[in-house]
Amino acid sequence: MAEPLLEARGVVKRFGHVHALQGADFAAYAGEVVALIGDNGAGKSTLVGVLSGVLAPDEGAILLDGAPVRFAGPQDARRAGVETVYQDLSLAQDLDAPANLYLGRELVRKGVLGRLGVLDRPAMRRDAVRAFAELGVTLKDPTVPVAALSGGQRQSVAVARAVAFANRVVFLDEPTAALGVVQRARVLETVRRVADRGIGVVLISHNMPEVLSVADRVEVLRLGRRVASLRAADTTIEELVGAMTGSLDRGDAADAATLVAAPETPLERPQQEPEPQPSEEEA
Amino acid sequence: MTTTETGRPPHTDTVTARTPPLLRRAAGVSELWTFLILAALVVFFTLAAPGKFFTAYDLTQIAVNAAIYLVLGVGMTYVVITAGIDLSIGSVLVLAAVAAGEWNIHHGGAGAGWGTVAVCVVIALVVGAAWGALQGAVVATEKVPPLIVTLGGLGAALGIAELATGGQDPADTAANNLQNTLGYGKLLGIPWLVILAAAVTLVFGLVLGTTRFGTHTFAIGSNPAASRRAGIRVGAHLVKVYALMGLLAGLGAVMWLASYGTTSIAGHSTDNLKVITAVVLGGTSLFGGRGSVLGTVIGVFIPAVLSTGLIVIGVQQYWQDVAVGVVLVAAVYIDQMRRRTRERS
């Protein structure tokens, strides 16, 4: 396989006595949807935080196009073309969709007015409408505050923002958790389309069928380490759950990092239905 | 900078924004309701006291009374939009006035020249802005809520002013040059105080409504965490906003000295409440994220019109305090209700 766009090698992150990541590895490739799964507390959020510049790793390396980088903050990562859609969407509810799309990188007018920081609202609105249209979303009125939009539309605003600016990697943290069936399908379709543009898409999700349907590859975290990297086409829900819960654990991190194809049969089948219930359609 | 994608199909045509009917749009603007209240008051007093209210004299008087509160209100609008509050403005005004006044006393007194006047103005502005920036820096640490930071600032600023003066308003704090121009002077019949306040309002209204600085102010009040993730330097922005508030309190000190010729150390303890009332009446949300300078203008004029109007129709003007109090609580109640229904949708 080609060189990864974004890679974590042996990342360690501690919060006091809690070792959230204990030498975690991860790789995202161009044009690929990779799902990052793991049980609660496995270190998914911490790993995403480290890779998107929110958290600084204690040990280990982050490589961007094969070269080591150090993100001083999320802006740094964004400048490198790495965008994140946070689970809470991270929108300014009182601002309209175009202002949210350009939050922190507003377009200003040309000339003296621009020097004074006067915004180019028409251009921002035009770009925003186009960015939403790409996701198949039509905003009736792009000037209403985001708070007045439906949950699905808000989600689209957050996704559109990340996709519009990402040219390397997009992290999507539980992007469909709050969505209804139709909107969920649309977001997954978008995920696919973004990857087809040559961007690496990292999908953090609890929903196993969803993971298997949209991802090319699945990386499994357990206790702060990568325990498996599986091709989605060759794996099953049982296998993923086995890796997540440790019944498949090889124990050795170095060994686990090189594990690409999983063993044919898990040692132990999980007793209960592993898949979390998809959330109800939002009101 | 534009988006990084170049190969996008231009399908703007299919998704052109539909503009909602003008009326519905207007009804959604919170300033409209406050403006209607103000208009109703003006109509009421004009009918109740024909030929007495709404004379040029009354208007001028209302505007002069409102000028300083308006300048303070503009700064407070920014602070409240960041979901903050500044209780210290009255004390900061006094401190700036005392600092400028002391310089004036020792550099010519009432007969001081223009050079002294200029230095006094700069001193008042710098003292105000520095005090505000200091409070903003503490607020930006997010360890102490703005309410407490500025409550402490209220006491400390007033205490320093009283230490410097022994608690008595000193004489000769304002030069005649300042009083005869900014204080009583007029341009085409409009007092300079009013022109200054209008200019400040216009400039900072535009900054809030049309610039990146304004947008970041709203964003921080809306969602500080999201603003930080979006690369906005939230702490630095808060320092600027509180410094702006302090700067305008310093300008208020200059206007006060020009208008009344004294520091009035004991006379500013309720400035904060009056100004916050005006800002909230104007539709700015105490919970941050929403508001406008235009609304604050209306909010400043409601109490001003009420007190003048009540005097003109011969009702005890203390009713004004009762009326404003009731309207204030109602305004916040409505704001809360709107927020709830919005979040439920």
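If you're wondering where the values come from, they're calculated on a predicted model, not measured in any experiment.

What counts and what doesn't
- Residues numbered from 1 in each chain as written.
- Chains lettered and ligands numbered in written order.
- Predicted model: local features only at pLDDT ≥ 70, side-chain atom pairs only at ≥ 80, totals over all residues.
- Heavy atoms only, no water.
- Helix = DSSP H or I, 4+ residues; strand = E, 2+ residues; numbered from the N terminus.
- Contact = heavy atoms within 4.5 Å.
- Areas by Shrake-Rupley, 256 points an atom, 1.4 Å probe, with all protein chains shown as cover.
- Buried < 20%, exposed > 50% of the residue type's maximum accessible area, 1.4 Å probe, protein only.
- pLDDT = per-residue confidence, 0-100.
- Pairing = 2+ DSSP bridges.
- Axes fitted to C-alpha atoms, helices over the stretch in contact; angles between N-to-C directions.
- Salt bridge = Lys/Arg side-chain N within 4 Å of Asp/Glu carboxyl O.
- Core = buried A, V, L, I, M, F, W, Y, C linked by side-chain atoms within 4.5 Å.
- Parallel < 35°, antiparallel > 145°, perpendicular 65-115°, else oblique.
- Nonpolar A, V, L, I, M, F, W, Y, C, P; charged D, E, K, R; others polar.
- Polar contact = N/O pair within 3.5 Å; in protein donor to acceptor, adjacent residues only side chain to side chain.
- Left-handed = near helix turned anticlockwise from the far one by under 90°.

Participant: So what exactly am I meant to see when it comes to the overall build of chain A here?
Facilitator: Within chain A one finds 10 helices and 10 strands. If you take every contact in chain A between residues at least 6 apart in sequence, the share linking residues at least 24 apart comes to 68%. Counting only carbon and sulfur atoms, one obtains 51% of the accessible surface of chain A, whose full area is about 12,000 Å².

Participant: How should I be thinking about the overall build of chain B in this particular structure?
Facilitator: Regarding its fold elements, chain B presents 14 helices and two strands. Looking at chain B as a whole, 48% of its 345 residues are labelled buried. Carbon and sulfur atoms form 70% of the exposed surface of chain B, whose accessible area is close to 15,700 Å².

Participant: Can you help me understand the confidence of the model for chain B in this one?
Facilitator: Reading predicted coordinates in detail is not appropriate for stretches of low pLDDT. Residues at a pLDDT of 70 or more form 89% of chain B, whose mean pLDDT is 85. Across the predicted assembly, pTM comes out at 0.83 and ipTM at 0.79.

Participant: Would you explain the confidence of the model for chain A in this entry?
Facilitator: All names here are of chain A. Per-residue pLDDT for chain A has a mean of 81; in total, 87% of the residues score no lower than 70. No element of chain A has a lower mean pLDDT than helix H10 (residues 253-258), which averages 41, and none a higher one than strand E8 (residues 200-204), which averages 92. Within the model, pLDDT remains below 50 along residues 250-283, and this stretch shows 44 contacts once partners closer than five positions in the same chain are excluded.

Participant: Is there a simple way to explain the sheet that holds strand E5 (residues 67-69) of chain A in this structure?
Facilitator: Pairing between sheet strands relies on hydrogen bonds along the backbone, with the strands arranged either parallel or antiparallel. Residue and element names in this part refer to chain A. Taking strand neighbours across the sheet as the criterion, the four strands line up as E2-E1-E4-E5 in an open arrangement whose pairing is antiparallel. If you trace the sheet from one side to the other, it starts and ends with strand E2 (18-28) and E5, each paired once. Put simply, the sheet's adjacent strands are angled 35° from each other on average, direction ignored.

Participant: I would appreciate a short explanation of the pattern of salt bridges in the present structure.
Facilitator: Opposite charge on two side chains makes pairing possible when the charged atoms of those side chains draw close. All names here are of chain A. Within the structure shown, the criterion is met by 19 salt bridges over all chains. Across the pair Arg 193 and Glu 189 runs a salt bridge, and its minimum N-O distance is 3.5 Å. You can see Arg 193 and its partner Glu 189 sitting in helix H7 (residues 181-196), four residues apart, about one turn around the helix. With a closest N to O distance of 3.2 Å, Asp 216 and Arg 192 form a salt bridge.

Participant: Before we go on, may I ask you to explain the sheet that holds strand E6 (residues 82-85) of chain A in this structure?
Facilitator: All names here are of chain A. As summarised here, the arrangement of the six strands in space is E6-E7-E8-E3-E9-E10, forming an open sheet in which the pairing is mixed. In the strand order of this sheet, the two ends are held by E6 and strand E10 (225-231), each with one partner. Strand after strand, the sheet turns through a mean of 20° between neighbouring axes, direction not considered. Pairing of strand E7 (residues 169-173) with E8 involves five bridges; the strand directions are parallel. Its bridge partner lying in E8, Leu 172 is registered against Leu 203.

Participant: Teacher, can you tell me more about the environment of Ser222(B) here?
Facilitator: Tracing the chain through its elements places Ser222(B) in helix H9 (residues 212-222). Along the sequence, Ser222(B) and Gly288(B) sit 66 residues apart, while their C-alpha atoms lie 6.0 Å from each other. Setting aside residues up to four positions removed in sequence, Ser222(B) forms contacts with Ala92(A), Gln93(A), Asp94(A), Leu95(A) and Gly289(B).

Participant: Sorry, what's going on with the nonpolar core here?
Facilitator: Generally speaking, a soluble globular protein has its nonpolar side chains buried in company with each other. The biggest cluster of nonpolar side chains holds 77 residues, and the ones touching the most others in it are Leu72(B), Met76(B), Leu248(B) and Met255(B). Take this core: its biggest share by element is 15 residues, from helix H11 (residues 234-260) of chain B. Membership of the second largest hydrophobic core comes to 54 residues, among which are Leu149(A), Val157(A), Val211(A) and Val214(A).

Participant: What am I meant to see in the pairing of strand E4 (residues 59-64) of chain A here?
Facilitator: In regular strands, side chains alternate between the two faces of the sheet. Residues and elements named next belong to chain A. Pairing between strand E1 (residues 6-15) and E4: five bridges, direction antiparallel. What sits directly across from Arg 9, in E4, is Ala 61. With three bridges connecting them, E4 and E5 associate as antiparallel partners. Looking at E5, one finds that Leu 63 is bridged to Pro 68. In textbook terms, the turn of a hairpin is the stretch between consecutive antiparallel strands, and for E4 and E5 this stretch comprises two residues, one of which, Asp 65, has a positive phi near 50°.

Participant: In this structure, what is going on with the packing of helix H3 (residues 56-81) of chain B against H11(B)? I would like to understand it.
Facilitator: For any two helices packed against each other, one specifies the crossing angle of their axes together with the interaxial distance. Residues and elements named next belong to chain B. Two elements in contact, H3 and H11, have axes whose closest approach is 8 Å; the angle formed by their N-to-C orientations is 175°. By the angle between their directions, the pair H3 and H11 is classed as roughly antiparallel. Here Asn 65, Ala 67, Ile 68, Val 71, Leu 72, Val 74, Gly 75, Met 76, Tyr 78 and Val 79 of H3 lie close against H11, whose contacting residues are Val 241, Tyr 242, Leu 244, Met 245, Leu 248, Ala 249, Leu 251, Gly 252, Met 255, Trp 256 and Tyr 260. Of the residues contributing to the contact of H3 with H11, the split by class is 18 nonpolar, three polar and no charged.

Participant: Just checking my understanding: could you explain the side chain of Asn104(B) for this structure?
Facilitator: Residues and elements named next belong to chain B. If you trace the backbone, Asn 104 turns up in helix H4 (residues 89-106). In terms of polar contacts, Asn 104 uses its side chain to reach the backbone carbonyl oxygen of Asp 172, at 3.0 Å. What Asn 104 contacts, discounting residues up to four positions off in sequence, is Gly 109, Ala 110, Ala 112, Thr 116, Cys 120, Asp 172, Thr 173, Ala 174 and Ala 175.

Participant: Could you clarify how one ought to interpret the packing of H4(B) against helix H5 (residues 114-140) of chain B in this entry?
Facilitator: All names here are of chain B. Between H4 and H5, the shortest axis-to-axis distance is 8 Å and the interhelical angle comes to 150°. Between H4 and H5, the angle is such that the two are roughly antiparallel. Considering the relative orientation of H4 and H5, their crossing is right-handed. Along its contact with H4, which presents Val 92, Leu 95, Ala 96, Ala 99, Ala 100, Trp 103 and Asn 104, the element H5 presents Thr 116, Val 119, Cys 120, Ile 123, Ala 124, Val 127, Gly 128 and Trp 131. Considered class by class, the residues forming the contact of H4 with H5 number 12 nonpolar, three polar and no charged.

Participant: Looking at this structure, how should I read helix H9 (residues 237-245) of chain A?
Facilitator: Residues lying three or four places apart along an α-helix face the same way, a consequence of the helix completing one turn every 3.6 residues. All names here are of chain A. Within the span of H9, buried status applies to Glu 239, Leu 240, Val 241, Gly 242, Ala 243 and Met 244. Those residues of H9 that are buried are in contact with strand E3 (33-38), helix H8 (208-214), strand E9 (217-222) and E10. Just downstream of H9, Gly 246 is the residue with a positive phi angle, here 100°.

Participant: Help me out: how do you make sense of unusual backbone geometry in this one?
Facilitator: As a rule of thumb, non-glycine residues mostly have phi less than zero, and peptide bonds are mostly trans rather than cis. All names here are of chain B. With a phi close to 60°, Asp 172 is a non-glycine residue in the positive phi region. Here Asp 172 lies in the loop between helix H6 (146-165) and helix H7 (176-183). Unusually for a residue other than glycine, Leu 188 sits at a positive phi of about 55°. Looking at the secondary structure, you find Leu 188 in the loop between strand E1 (186-187) and strand E2 (190-191). When its relative accessible area of 82% is taken as the criterion, Leu 188 is described as exposed.

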